[in-house]
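Residues per chain, in single letters:
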Amino acid sequence: MIIFVFFICSDAAYDFFVCGHPEVEADNIITEVIMKKSLTKILCLLLVSFLVLSFAACGPSDDGKDGSSSGGHVTELRIGTTTANDTFNILSQGGIFGRINYVGFVHGNWVYIDEDRNIQPYFMTSFNISDDGKVLDFTFPTDAVWGDGEPVTGADILFSFDFMKNTAKSNYLKNLVSWELTGENSARITFSEPDAYQFLLRGAMTVGCIPEHIWKEMVGNPDYGSWTDDRAAIGCGPYKLVSKDTDAGVSVYEAIPQNNYAGEITVDKVIIKTYADQTAILMALQNNEIDCYYAYSLPIDATLIDMVASDENINIGESYYAGQNQITFGMTRDAYSDYAMRDATLKCFDWELLANVQGGQYAEIPTTNLLAPPCLGFVSTYPKFKQDIAEANRILDEAGYIDKNGDGYREFPDGSELDILVVPQYSRDMTLRNRLAEVMMDNLKTIGIKSHIDPEMIANSEIWESNILDGKYDIAIGYTTSGMALGTSTAFRYYVYEPEPGTSRESSWLWGTCQDPEFNSEVWKMIASSSQEEFVQHIQRLQQIFSDQLIGASLGWTKSFFDGQVSTSWPRYMTQISSLMWR
C-alpha cells in the first residue's frame, strides 16, 4: 500500500535565517510553504517512532530490495523529491538537504512542537522558562555525537548561541544578553526581554547545536550559509550525510544510533533522489523505484490526484491546508478606503469558481475571518462568502458609484475615473494567480467596475515588492504559507500598515495598508504573545476586526492528501509539508 503523509514546519525557518524580512514570497526565498495543523513535528520523530509501525503495517517491497524491514528496522528507505540535491550546509535552506533539515534530519533541533502547539524536548532534554520569561534553563545529552564522530560538548552549546546571535544575527536572539553552562549537562540563556517562549516556539524548533570545531572558521562571516566545505553538512541529528552525487541528484544518509533523542532510530539508511516533477514521482512510486515522496512545501498537486486515485494500492486521504491565496485591499487608495467598495467587491466575486480554480473538488468557499480551519484559534461561526450581484449593485448605487458618462463603467462619486489596479504576487509560475485575477476582473465587470493589470509591476520580484511596499495596488493577490498561518505571525501579518512598536517602517516589510490602530496593535501583540492562551485571545479578536471591516479575504480553502490512520501512533497533524507514500 502507498500512503500519503505530510510533514509540517513553520515560519521560524524563515525568521531565523532571513532576518528582518522573513515572510517574503516563498518563490523568492525557498519554495512555497504549504503546511497544516501545527508547527513542526520533527521528521526524525517520524523516522524514530513511526516508520517502523508504517512498514510493519504496509509490508516490505515486493522485490525484497530497498524499503524493506528486518527485525523491527527499515534497512533502507528510498525517498523521491522534486527539490535539487545541490546544497549541503546545515545553516542553509538550499536544496533538499536544507529543506529536510527544517524537520531535524541531520541538524538536531533543540525542541519540537506537538499537535497541541506545546513545546516538547528534543536535543534539549528538558527546559524551564522563568516566571518573567527572560531566562531559559535547559539540559542536553552527554552522549550525542557529530556526524564526524566527535562528541557534542558544552563548548558547542555556548558556541551555537554566540554564532547565531553575533554571526547569523538571529532575530530571536536579538535580546539575548548571556549564555552559560550551569552543569555538566545543563545551560542557561538570558534575555533582556521576555523572549524565552518566543525563542522556543519560533526559533529553537528549526535550528540546533552547531559544531565549534568546524564552524569556528566562519565566525563573523556573513556568507556562512553559502559555505560549500563538505564539513558544513555535519550535524548532530539522527542522520549523517555519507555520500552525494549532485549530477545524478542523489544523496545518501545513515543513522547515528546514539542520537536517538526521541527513541530508537528504526530506519538505518536513507537515499534521497531528485525527480523532474510530481508526475515523475508518482510514476516512480507506482513502479517501486522509491518508497516515498518528500518535498518541503510541495505536497502532491490536486490536479494530479486522479492519476493515482483509482490505484488500489494508494490511499490518498485529505485534510485542510492552512496556507491560502488571499486578497488585500489597498486601503490607502481612494477606491478601497471605502467600506462600500470593499463590500460590493466581495459580493460580486464568483466564489465557487475561485475555489474551483485553486483546487477543483478539493476546495471550498472560505469564511470572512481570513483564517483556514487548521489555524490555532480559528473561529468557525463566521459566514462563508456568497456571490450576490444584485446586492453588490445596490450597494454601489447607494454609495454614489454610478456610470456618469455612459461608457458602461461606474465612476467615483465625484465623477473621476474608477479603474481598479489588480496586482498578482510575483512568482516563477504566475498561471494560478493570473487566472484568479482574470476571474475577479470578470466579476468586477459584471457590476460595472473597470479594472486592469500593469504587466510592468509584476516583471520580477523586486519590482513587484517595491510597489507592494509603496501600497500601489487596489487589489493585491497574495499568498500566506502554512508556516506563516500556523506560526505566531499568521496571515494577518500581511495586512499590517504600522510598524512594530519601537521600530520604523524601514526596519521591516510592511505589505498591508490597513491603518486601523486596533488591528495593527492586535497583530503585533499576537506576534509577541508569551503563551498560547494570549495568542488565541489576540487572534480571535483579529478575526472579528477583519470580518467586520472586510480588510481582505481568503480566496478559498484547499485540501492536501494523506492517510492519518496508518497506526494509532501516527498523529493526523503530521501533514502538508511533504508527502510520504509508503509502499
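See the structure printed just above.
What you see is a predicted model; the values in this text were computed from it and never measured.

Caption draft 1: Structural view of the environment of Lys525. Residue position: Lys525 is located in helix α16 (residues 517-527). Along the chain, Lys525 and Thr488 lie 37 residues apart, while their C-alpha atoms are 10.0 Å from each other.

Caption draft 2: Layout of the nonpolar core. Of all hydrophobic cores here, the largest spans 77 residues; its most connected members are Ile327, Met341, Leu346, Trp351, Ile420, Phe492 and Phe519. When residues of this core are assigned to their parent elements, the largest contribution, 6 residues, is made by helix α13 (residues 431-446). Sequence-distant contacts of Met341, defined by excluding residues within four places in its chain, comprise Ala335, Tyr336, Leu396, Tyr401, Leu418, Ile420 and Ile449. Judged by nonpolar contacts, the second largest core, of 67 residues, contains Val106, Phe161, Trp215 and Met218.

Caption draft 3: The arrangement of the sheet that holds strand β13 (residues 269-274) in detail. One open sheet accounts for 5 strands, arranged β11-β12-β13-β4-β14; its pairing is mixed. Bordering the open sheet on either side are β11 (239-245) and β14 (292-293), each of which pairs with just one other strand. Across 2 bridges, the pairing between strand β4 (residues 77-81) and β14 is parallel. Considered in β14, the bridge of Gly80 is made with Tyr293.

Caption draft 4: Expanded view of the packing of α16 against helix α17 (residues 532-549). The N-to-C vectors of α16 and α17 enclose an angle of 155°; their axes lie 9 Å apart at closest approach. Classified by the angle their axes make, α16 and α17 are roughly antiparallel. As for how α16 packs across α17, the hand of that crossing is left-handed. For the pair α16 and α17, the contacting residues are Glu518, Phe519, Glu522, Val523, Lys525 and Met526 in the first and Glu534, Phe535, His538, Ile539, Arg541, Leu542, Ile545 and Phe546 in the second. A per-class count over the contact of α16 with α17 returns 8 nonpolar, 1 polar and 5 charged.

Caption draft 5: Geometry of the packing of helix α10 (residues 339-348) against helix α12 (residues 389-399). Axis separation between α10 and α12 bottoms out at 8 Å; the angle between their running directions is 160°. With respect to α12, the element α10 is oriented roughly antiparallel. Crossing angle aside, the handedness with which α10 passes α12 is left-handed. Contact residues: Ala340, Met341, Asp343, Ala344, Lys347 and Cys348 in α10; Ile389, Glu391, Ala392, Ile395, Leu396 and Ala399 in α12. The class makeup of the residues in the contact of α10 with α12 is 9 nonpolar, no polar and 3 charged.

Caption draft 6: The arrangement of the packing of aromatic side chains in detail. Enumeration according to the criterion identifies 30 aromatic pairs in this entry. Ring centres of Phe329 and Tyr336 lie 4.5 Å apart, and the angle between their planes is 25°; on these two criteria the pair is classed as stacked. When its relative accessible area of 0% is taken as the criterion, Tyr336 is described as buried. The structure contains a cluster of three or more aromatic residues connected by ring pairs, namely Trp110, Tyr122, Phe123, Phe138, Phe140, Phe161, Phe191, Phe199 and Tyr261. Here the guanidinium or amino end of Lys244 rests over the ring plane of Phe88, the centre of that ring lying 5.6 Å away.

Caption draft 7: Spatial organisation of the pattern of salt bridges. Under the definition given, this model contains 16 salt bridges. The partner of Arg188 in a salt bridge is Asp137, and the shortest N-O contact between them spans 2.6 Å. Within this pair, whereas Arg188 is found in strand β10 (residues 186-191), its partner Asp137 is found in strand β8 (residues 135-139), the two being separated by 51 residues in sequence. The partner of Arg435 in a salt bridge is Glu438, and the shortest N-O contact between them spans 2.4 Å. You can see Arg435 and its partner Glu438 sitting in helix α13, 3 residues apart, about one turn around the helix. Judged by its relative accessible area of 41%, Glu438 falls in the partly exposed class. Through salt bridges with shared partners, a single ionic network connects Glu217, Asp229 and Arg231.

How each quantity is defined
Residues numbered from 1 in each chain as written. Predicted model: local features only at pLDDT ≥ 70, side-chain atom pairs only at ≥ 80, totals over all residues. Heavy atoms only, no water. Helix = DSSP H or I, 4+ residues; strand = E, 2+ residues; numbered from the N terminus. Core = buried A, V, L, I, M, F, W, Y, C linked by side-chain atoms within 4.5 Å. Buried < 20%, exposed > 50% of the residue type's maximum accessible area, 1.4 Å probe, protein only. Contact = heavy atoms within 4.5 Å. Pairing = 2+ DSSP bridges. Axes fitted to C-alpha atoms, helices over the stretch in contact; angles between N-to-C directions. Parallel < 35°, antiparallel > 145°, perpendicular 65-115°, else oblique. Left-handed = near helix turned anticlockwise from the far one by under 90°. Nonpolar A, V, L, I, M, F, W, Y, C, P; charged D, E, K, R; others polar. Phe/Tyr/Trp six-rings, centres within 6.5 Å; stacked < 30°, edge-to-face > 60°. Lys NZ or Arg CZ within 6 Å of the ring centre and 35° of its normal. Salt bridge = Lys/Arg side-chain N within 4 Å of Asp/Glu carboxyl O.

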